[in-house]
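# Structure assessment
One letter stands for each residue in the lines below.
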Amino acid sequence: MRLKNQPPVSADTPIGIMLTINGQRRELQVAPWTTLLDLLRERLDLTGTKKGCDHGQCGACTVLVNGTRVNSCLTLAVMKDGAEITTVEGLAGLGDRAGSNALHPIQEAFIEHDAFQCGYCTPGQLCSSVGLMNEGHAHTRDEIREAMSGNICRCGAYTNIVDAIEDVMQGGAR
Amino acid sequence: MTQTFSSTGRDTFVGTPRSRIDGPAKVTGLAKYAGEFAAPNLAYGYVVSSAIAKGRIAAIDATKAEAVPGVLKVLTHENRPRTAWRDKNFQDQVAPPGSPFRALYDDLIAFSGQPVALVVAEDFETARYAASLVHVTYAAQEPRTDLGALRGTAYDPPGKRQGIKPPPKPWGDADAAFDSAPVRVQGAYSLADEHHNPMEPHASTVVVEQDGTYTVYDKIQGVSNSHQYLTNVFGLKPDQVRVLNPYLGGGFGSGLRPQYQLFLAMLAAQELKRSVRVTLTRDQMWSFTYRSEALQTIALGAEPDGTLTALRHDAVQGTSQYEDYQEVVVNWSGVLYKCDNVALGYRLVKLDTPTPGDMRAPGAVTGVFAIETAMDELAYAIGMDPIALRLKNYAESDATAEGKPFGSKELRRCFALGAERFGWAKRKPEPRATREGRELVGWGVATGIWESMMMQSSAIATLTPDGRLTVGNSTGDIGTGTYTILTQIAADTLGLPMESVTTKLGDTRLPEAPVAGGSWTAASSGTAVMKACRTVGEQVFKLARAMEHSPLANVDFDRAVFADGRIAVAGDPGRSVALVEVLQAAGVDKVEAVEEAGPDKDFNQAYEAYTHSAIFAEVKVDEELGQVRVTRIVSAIAAGKILNPKTARSQILGGVVMGIGSALEEESMLDHRVGRFMNHNLGEYHVPVNADIYDIDVIFVDEEDKANPLGVKGLGEIGIVGTAAAITNAVFHATGKRVRHLPITVDKLL
Amino acid sequence: MNRFDYVRAGTVAEAVQAFGAGARFIAGGTNLIDLMKYDVEKPGRLIDITRLPLDRIEAHGNGLRIGALATNAKVAYDDRVAERYPLLRNAILAGASAQLRNAASTGGNLLQRTRCYYFYDTATACNKREPGSGCPAIGGMNRIHAIFGTSENCIATHPSDMCIALAALEATVQVSGPQGDRSIPFSEFHRLPGDAPETDTNLAPGEIIVAVDLPESRFPQHYTYLKLRDRLSYAFALVSVAAALEFDGDRVKTARLALGGVAHKPWRNREAEALLEGKSATRESFQAAADLIVSEAKPQSENGFKIDLARRAIVRGLEQAAAGTPQSLSDKRIQ
C-alpha cells in the first residue's frame, strides 16, 4: 500500500515507497524494518554498498541521501520515501559526467593513490569523500582526516585516502 | 631456470609502480565478495550464539522461531543432519593439533558466542527476527579464561603445530650468565587479546546447482582449504564442490581456516536442498580466532660495552580447550641477537575461549614487541644508543638453526637509511628532553623480523590466438595486490603488455595453491605463474620454429627474447615473429601449461630466510593528560625484490597502521566471570581511524635474495612487526614511563 | 530486530496520539535502530516523526530555538550557533562521525542510551535493560563507566557530547505530550540511575521533544570542549569537559563546567563553579574547583584513573576557556 500519514501500518503489510537510486526512479514495496542497506544489497543487487558492522561503527555502508552522506545500515528504507540515493555504483554518473561511463574523479584518484587494498571499505570511503566535498567544511589535511574518521579501513590505507581526496579537492582530477 | 623471472632478462613491469588491476572493479562496487553472490531462491541463515562460555545446552526451544512465516528451518544439535564426525575430517590445512570445533555437534558449550542454532528463512530480516525467538536454556559452569590466574597450569604442547618451530634447546647457561652480568634488565610484557576484524564479516554462499553440485563462495584466504574441508566433512567428491572467492574483504589471518558459517551454510543447503547464505554479524566476529595474549618475561644480561651475555625469553599463551594453537613467539630473540647464553621457552594454557589463530605476523608481533622493548631498556641501562646496541649484537647467522647463515640480511642498511630519513642523529638520548608546548616528544626505534617462506604452488597459463594470456591459481588476493603482481610477472615473462593478461584467482577449478598467508604468496604463486608462462613460451617458440620460413629457424630457445608481443632472436632483433602469428599459423586454439613451483631444497638446507625492518617512531604525548599521537613513522624494509613498489608500500602502510592499533588501542576485554569478550563491536574495540594516522614513510632497502627465482621475500607481515615496540620506546623517550603491557591507553600514562 | 508497526506522523499531535505502550518515536534512528538490531530495544510501534516541521533553528527571545529534528550537522554548522554558541558546535563535532551527525537529530541526541557493554549485550544481566536482573558492570569491565552519581543498581554513563555543552549552556528542553506542553530545564532533563536505572530522563511516556532553547549567548569567546578518548576520533569520551567562562575585567563573572563520560547525566557541580566566580582565572583556582568536583567521585574496579583524568582535564579545559583557545576539532594536539 502507498502510505501518506496515519493510520499505522501493521507489521505484515509491506509499504509502498519511491526512491530515486542512482538516477533511476524505483517504486518499491518494503517492510518497515528493512534498512536502506539491506534493501540495496539483498533486494536490488546493488552490493557495492557494504555491510561492515551494521551498527554505524565502521562507515562501509555510507551512501549519499539527497547528496548527504549517511550510514545506510541505520536508515530504515521506509523513512526515506521520496529521497534520492546515490551509491558507489552511481558515483560515475554524478555531475557533468552524467551518462558517460567515465569514473568519478575520486574513483580515479583512489586508484592512482592506491587508496585501498581489500576494497571492502572502499565504496563507503568513496561516498564519504564525495559527501565531504559536498559539505565543504574540510580543507586542510587535518580536517580531511577528522572528517573521514567515520570510515574505518582495516587495511590501513588512510594516508593514501587523504592523498586522493586532497588531489581531487585541488582540482587534480585527471 | 635462471635467477631472472623474464626470459628477456629485463623487467618491463616487474619492479615498477603499477596501479592495482582490480582497482576499477573495487571503486565501482562491481567486485563481489563471498556474501554478495546472488542465486535463485536463496535462503538466509542467521546464527544464534551461545550466551555462556562453558556448560551444556539444557534445552533449546525453537517453536516460536519456527512459527514465524518465512522460516524454513531451525537447525540445532538436536536435529542437525549427519555429517562426518572424526577429528581428521574437520582438520583443515592449517589446523593446529587437537580436535577441531564442530558446530551444532552436541550440547556442550566450549566458548562464549559458540553457534548453537542456525535459523534459515526466506529473507535476511525474517531469519534475524526468528533467531531472537530461539530460546536456549543453559546449564552453565564457571568458565576459566584468566590467563594470569591459570599461569600455573601452563604446559608444553605435546603435539607440535606443523610449520611452527618450537623454541630451540637452550645454549650456554643463561641463568648463570644473567646472575653474573654487570648490566641486567628484566621485565614482564604482554599484548592484549586482539581480534582481526577485517571489514568484511565472514560469509558463505552455498549455491545448489541444478545438477546437484555445489558452487560455494566462501570468505577464505585460499579456496582449496574450504574445498578440502567440505569434501571431508560432508563426504562429497571433489568434483561435487567448487569453491570460489575472487575478492576477500580483508583477512589478516582470520580467513585461513574455514569458519563455522561455511559448515552451517552447507549443512542448511543440503538439508533444504536450496541455496543458502550465512553471514556473521560483527559481534560474531569475536566468536572464532583471535591473537591471544601472551604473558612474557625477558631477562637480558650485558657487558658495559653492550655485548649481550644472557638472554632469557619465556612466553605463556592462551589456547582453547580443544586445540593446541601455537605460534612462534620467543624464537625471534635468538634469531635477532648474537648471544652465548640463551634460553627460550613457550608454553600454553587452556582457556574456555575459541581457538586463537594466526593474526598478521602471528607470534612475531607478540614476541618482537617484548624483546625490542627490553633491548631499549638495556640501551638505557648501559647508556648506549639503541641502534648501536642492536648493531653490537647483530646476528650474522641464525643461532636457532644451528648457526646457518641468512640467505640475505640487509638490516644494517635498514638502520642506516631509516635513521638518515628520520633524522635520528639529532636525537637527545635522555628521556623527557624535548618538549613542544604541552607535549613531550619522543623518538624510538625497533627491529622487525618475519620469516621468508615459499610453499608448494601450481599455476596455469593459457595463451590464445587473440594474443590474450590468462594465468591463475586457487590462491586468494586478500588485498595484498596478488592480481597485480601476477599480471606483471606474466606480462614480463612473455613480453606482453599488462592489458593483454588476465589473472584469475580464488577458484578451485584453477590449479591448486596454498592459502594466502605467511607472506608467502608472491614467492609461491609468483614463481608458479612465471614457470607456467615460461613453459607456454617454450611451446610457442617450438611452434614458431616449425613455421614455414620461420625467422627463428635453427635458433636455440636460450636465444629467444620475448618482448613487445613477439619472439625475437637475442642480438638479432630483425629476426622475430609475433606470438599471435605463431598461434594462428599453427592453427591451435591455445597454448597452455600448468607448472608447479616449490621451495628450493638446496637453498633451504644452506640458508635461513627472513625479512627485516628498522622502524622509527615519533610520538607526542600530552604530559598531563596522557594522550599519545604517533606523528611520524619511518619503516625501512629489507624484503628482497620489490615487484610493485606501489602496492608494496601499501602493504607496509597497512602493517604500520595495525601496529599503531596494537600499540595504542586494540584490546578485546574478557570478563572472566562470564568468559566473554565484552567490547565485541567496532564502537568499543578500537582500531585506528583516519585521525589517528599521521605521516608514514616507507623505505625499501635493496636486497638480493636467491631463495626463489623472483628474489622476493614477502611483505604482508613485516610492516607490523616491531612497530608497537618502536612506539613504546618512543613513549618512554618522551615521558620516561616504560609501558610493558599494551595497549598504551591514557590510564597507563597518568 | 523485532517486528513492529510503522506510523508516519504529520503533526506533533498525531505523533503524540499514535503513542502507546511499547511505542517509540524515531527520527535519525542512529541509536534506536542500532539498539533494535541488538534486541535491546523492541518497540511494538515506531512513530516516524521526521516529517514534522521541527527542523528549524530560529531566534527565540535573546536566544536561539533549535528544532528537535534539526540534525546535529545542521546545528553545528549553523552560523548563529558558530558565532554565539561555539561551545555547542565544538561539542557536537567532537562526537560520532560526519555520517552519524548528518542523520542524528537534536532530540534524539538527548535520548541516546548508554554505551555500557552489558546494557548492549542481551547475553548478560543489566538493570537498565531488564530491571532487577543485576549490574555485572559493577566488579566487571568498567573502565568506561561512571565515577559520579552511581547507584548500587547502575554505573552507566550518558554518552552524548552535545548534551554536555547544553548542560553548561543551561538550555531548556521544550516537550509536548498527552498532558500538553512543558519546559524542562536541562539540568532536570536527565536523571541519575538511583533505583530505576531503566529510566534515563524525566520525560513522561508519550512526551516528545519539540525544541531545545538556548538562552542568551554569554560564552562566545571563553569556552572549550575538551574530549579525551581511546582514539583520536570516532570514540566515546572517557572524560570530556565543557567549560565556559564570562569575565568581568580580569575576574570570572560566570563559570560553567559540565563533564561527560563520568556520570549517568551531564555532570555539573555548582559549588565548584561558584568557587571560580569572583576570582581571577588562575591555575590554582582551577585546581581548587577540580579538586572539589572530584572529591565526590567514587571509583569502580577499573575506572579509578578517570578521577585523576577528570581533575586534570577540568584544569586544562578551564585554561583553554580562560585563554580563549578552545580545543581544535581537527588538530589533535591538546592546547
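Summarised in this report is the structure supplied together with it. (Residues numbered from 1 in each chain as written. Chains lettered and ligands numbered in written order. Predicted model: local features only at pLDDT ≥ 70, side-chain atom pairs only at ≥ 80, totals over all residues.)

### Points about the sheet that holds strand β26 (residues 610-622) of chain B
Residues and elements named next belong to chain B. Taken together, the 5 strands give an open sheet; going across it, the order is β17-β18-β26-β27-β30, and neighbouring strands pair in mixed fashion. Because the sheet does not close on itself, it has two edges, and the strands there are β17 (434-436) and β30 (695-700). Neighbour-to-neighbour, the strand axes of the sheet open up by a mean angle of 25°, direction not taken into account. Both β17 and strand β18 (residues 439-451) contribute to a ladder of 3 bridges, which runs antiparallel. Looking across to β18, one finds that Thr 434 is bridged to Val 441. Across the sheet, helix α11 (residues 411-422) lies against β18, β26, β27 (628-638) and β30, angled at about 140° from β27, the strand it touches most. Docked against the sheet, helix α17 (residues 723-735) engages β18, β26 and β27, running at close to 155° with respect to β18. (Pairing = 2+ DSSP bridges. Helix = DSSP H or I, 4+ residues; strand = E, 2+ residues; numbered from the N terminus. Axes fitted to C-alpha atoms, helices over the stretch in contact; angles between N-to-C directions. Contact = placed C-beta atoms within 7 Å.)

### So, unusual backbone geometry
Apart from glycine, the bulk of residues carry a negative phi angle, and the bulk of peptide bonds sit in the trans form. For the peptide bond that leads from Leu 742 of chain B to Pro 743 of chain B, omega is 0°, which places it in the cis range. Non-glycine residue Glu 170 of chain C carries a positive phi angle of around 55°. In this fold, Glu 170 of chain C is placed in the loop between α9 (162-169) and β6 (172-177).

### What to know about helix α13 (residues 305-323) of chain C
All names here are of chain C. Across its 19 residues, α13 extends 27 Å between first and last C-alpha, which sits within 8% of the 27 Å expected from 1.5 Å per residue. Judged by how many residues are buried, α13 sits mostly within the fold: 16 of 19 residues are covered. Positive phi appears at Gly 324, one or two residues downstream of α13, with a value of about 70°. (Expected span 1.5 Å × (residues − 1). Buried ≥ 20, exposed ≤ 12 C-beta atoms within 10 Å, placed from the backbone.)

### Observations regarding the environment of Asn 2 of chain C
Here Asn 2 of chain C shows up in the segment before β1 (5-8). Along the backbone, Asn 2 of chain C and Gly 108 of chain C are 106 residues apart, and their C-alpha atoms lie at a distance of 21 Å. Leave out the neighbours within four places in its chain, and Asn 2 of chain C touches Tyr 129 and Ser 132 of chain B together with Asp 39 and Lys 42 of chain C.

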